[in-house]
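Chain by chain, the residues:
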Amino acid sequence: MYTAITDSTIKISIIGAAGGIGQSLTLLLKTQIHNLIPIGSNKVKKNHIHLALYDINSDAVNGVATDLSHIDTPVSLSSHSPNTENGIKDCLKDTDLIIISAGLPRKPGMTREDLFNKNASIISSLTDSIIEHCDLSKIFILVISNPVNSLVPVITKKFIKFDPTADVERRVMGVTKLDIVRASTFLHQFGINEGFEKRSSIMPSVPVIGGHSGETIIPLFSQSKIHPQLTNEQVDYLTKRVQCGGDEVVKAKNGQGSATLSMALAGYKVVAKFISLLSGQEDIIKAIFYISLLDHTKNEPICPGAKELMDTVDGLDFFSIPLTISAKGVHSIKYWIMDEMNDYEKDELLSACIPKLRENIKTGWDFIQD
Ligand code: NAI
């Protein structure tokens, strides 16, 4: 299959590409992502995008890649599996951005934590492959697989154990964007249903911080422009709906998996941000990710703002928060968003999040032996 990697290529590796999220995400990337690179701009250093698809389901990933390769866009593709020559090596070699959606999704009655053992083993062995085949000084890794709260610590600890100087931990990011997409969607729908949303064509923006599981998800509705019109009961309803948004989909699919289409869109949105960084259009991008707040090797805050955030979250060393990212990784943290929380968000939501998230982080961290 056509593989053309040059100095002007942004290579994106999608691991788990034949799955529900992988297929929809790669369709969005193949059809849309090249539109984000303006033609003729002096700032653009890389203008070609290559998608390298990998999955252990060889036939499925080969089929998906062949199917996508007939779509008429300048985005190139390659397909890799344990059955192709060099397997995962060719998928990861020279890559800039790795998206991991490999692993089991939930079934009704399961929590994200129930996926931990199986998915932690998958992620751990994928990290070994990344260590073996990637340029650790530049790669970014986006973790979609669940439980995000624990898997990011798993990967982080593996990298630190392998090479403490590689500094990869500032470029490993858990994807919590779906919670943000849901908060915006539910608030918008709710506004229309309640009859007070007049700007129905404008989607409200709601930051969501904390983690990506149940009570660890903290939507900050107080920071949306519509908030003053909401009663406490309405905010409580919306908050719980975001925290349980994944359950709605798991229940509706009734054993056929969890969110895939909305997650693919959320994944597309975060990859789109990275394109402006990786193509050279922007030196710094803004986003919300679940990241390590601590440089665990030096035992010091990972970047400006991390210490202030850790002080507010009782010393947690992983958290999802608005931040800026440069080519070197996490650049600064918008810690002052914590000071802007109202009493409900601070006393109820953050208080419930901290012990749960601490437990999730410990589960991941302890999975890799010291
Ligand atoms: P899926 O079962 O449809 O796809 C998973 C894919 O991973 C399969 O094609 C499978 O063959 C592949 N796979 C398994 N082990 C692998 C390995 N070692 N290397 C490469 N590929 C491997 O699952 P789906 O729905 O795509 O979900 C994937 C993950 O994303 C799940 O863990 C799910 O819980 C999580 N998820 C995360 C969300 C988030 O907001 N971060 C939202 C929704 C799901």
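Residues numbered from 1 in each chain as written. Predicted model: local features only at pLDDT ≥ 70, side-chain atom pairs only at ≥ 80, totals over all residues. Heavy atoms only, no water.

**Q** Could you clarify how one ought to interpret the overall build of the protein in this entry?
**A** Counting its secondary structure elements, the protein contains eleven helices and 13 strands. A globule of 370 residues ought to have a C-alpha radius of gyration of about 21 Å, and the protein, at 20 Å, matches this closely. In terms of overall dimensions, the protein has C-alpha extents of about 60 × 50 × 50 Å along its principal axes. Put simply, 77% of the contacts in the protein that link residues at least 6 apart link residues at least 24 apart. For the protein, the computed accessible surface area is about 16000 Å², with 50% contributed by carbon and sulfur atoms. Side chains of the protein carry 37 positive and 42 negative charges; the gap between the two charge centres is 3 Å. (Helix = DSSP H or I, 4+ residues; strand = E, 2+ residues; numbered from the N terminus. Rg over C-alpha atoms; globule rule 2.2 N^0.38 Å. Contact = heavy atoms within 4.5 Å. Areas by Shrake-Rupley, 256 points an atom, 1.4 Å probe, with all protein chains shown as cover. Lys, Arg positive; Asp, Glu negative; His and termini not counted. Charge placed at Lys NZ, Arg CZ, Asp CG, Glu CD.)

**Q** Can you help me understand the pairing of strand S12 (residues 318–326) in this one?
**A** Each regular strand carries side chains that alternate between the two faces of the sheet. Along S12, nine of the nine residues are buried, which leaves the element largely enclosed by surrounding structure. Burial of the side chains of S12 extends over both faces: Phe318, Ser320, Pro322, Thr324 and Ser326 are buried on one face and Phe319, Ile321, Leu323 and Ile325 on the other. Two strands pair when backbone bridges link them, and strand S9 (residues 285–292) and S12 are joined in this way by eight bridges, in the antiparallel orientation. When the bridges of S12 are listed, Ser292 appears paired with Phe318. When S12 meets strand S13 (residues 329–333), the two strands line up antiparallel, connected through four bridges. (Buried < 20%, exposed > 50% of the residue type's maximum accessible area, 1.4 Å probe, protein only. Pairing = 2+ DSSP bridges.)

**Q** Any chance you could explain the pattern of salt bridges here in plain terms?
**A** Between side chains of opposite charge, a pair can form when the charged atoms approach closely. Counted by the stated rule, this structure contains 14 salt bridges. Linking Asp247 and Arg106 is a salt bridge whose minimum nitrogen-to-oxygen distance equals 2.7 Å. On the criterion of sequence distance, the pair formed by Asp247 in helix H8 (residues 245–253) and Arg106 in the loop between strand S4 (97–100) and helix H4 (116–133) is long-range, its members being 141 residues apart. Because the salt bridges share partners, they merge into one network encompassing Lys46, Asp96 and Lys138. (Salt bridge = Lys/Arg side-chain N within 4 Å of Asp/Glu carboxyl O.)

**Q** Sorry, what's going on with the UniProt feature "active site" (unreviewed entry) in the protein here?
**A** In the UniProt entry, the feature "active site" (unreviewed entry) is given for His212. Of note, His212 is situated in the loop between strand S7 (208–210) and strand S8 (217–219). On the accessibility criterion, His212 (7% relative accessible area) is buried. Those residues within four positions of His212 in sequence are excluded, and the remaining contacts are Arg112, Asn146, Val148, Asn149, Thr176, Asp179 and Ile217. (UniProt positions renumbered as here; feature names shortened; annotations may be inferred.)

**Q** What's the story with the packing of aromatic side chains in this structure? I'm lost.
**A** Overall, the coordinates contain seven aromatic pairs when judged by the stated rule. A centroid spacing of 6.0 Å and a plane angle of 50 degrees characterise the contact between Phe274 and Phe289, whose relative ring orientation is tilted. Within this pair, whereas Phe274 is found in helix H9 (residues 261–278), its partner Phe289 is found in strand S9, the two being separated by 15 residues in sequence. Each residue in the set Phe140, Phe274 and Phe289 is aromatic and connected to the rest through ring pairs, giving one cluster. Here Arg241 stacks its cationic end above the ring of Phe186, 3.8 Å away from the centre of that ring. (Phe/Tyr/Trp six-rings, centres within 6.5 Å; stacked < 30°, edge-to-face > 60°. Lys NZ or Arg CZ within 6 Å of the ring centre and 35° of its normal.)

**Q** Teacher, can you tell me more about the side chain of Ser129 here?
**A** Note that Ser129 resides in helix H4. Residue classification places Ser129 among the buried positions, given a relative accessible area of 15%. Apart from the residues lying within four places of it in its own chain, the contact partners of Ser129 are Ile88 and Leu92.

**Q** Can you walk me through the site of the ligand in this structure?
**A** Around the ligand lies a shell of 29 residues, among which Gly20, Ile21, Asp55, Leu104 and Ile144 are the nearest. Measuring from an oxygen atom of the ligand, one finds a backbone N or O atom of Ile21 at 2.9 Å. Between the ligand and Leu104 there is a distance of 2.7 Å, counted from an oxygen atom to a backbone nitrogen or oxygen. Burial of the ligand by the surrounding chains reaches 87%, relative to a free accessible area of 870 Å². Within the residue set of the shell around the ligand, elements represented by two or more residues are helix H1 (20–32) and H4. (Near = heavy atom within 4 Å. Polar contact = N/O pair within 3.5 Å; in protein donor to acceptor, adjacent residues only side chain to side chain.)

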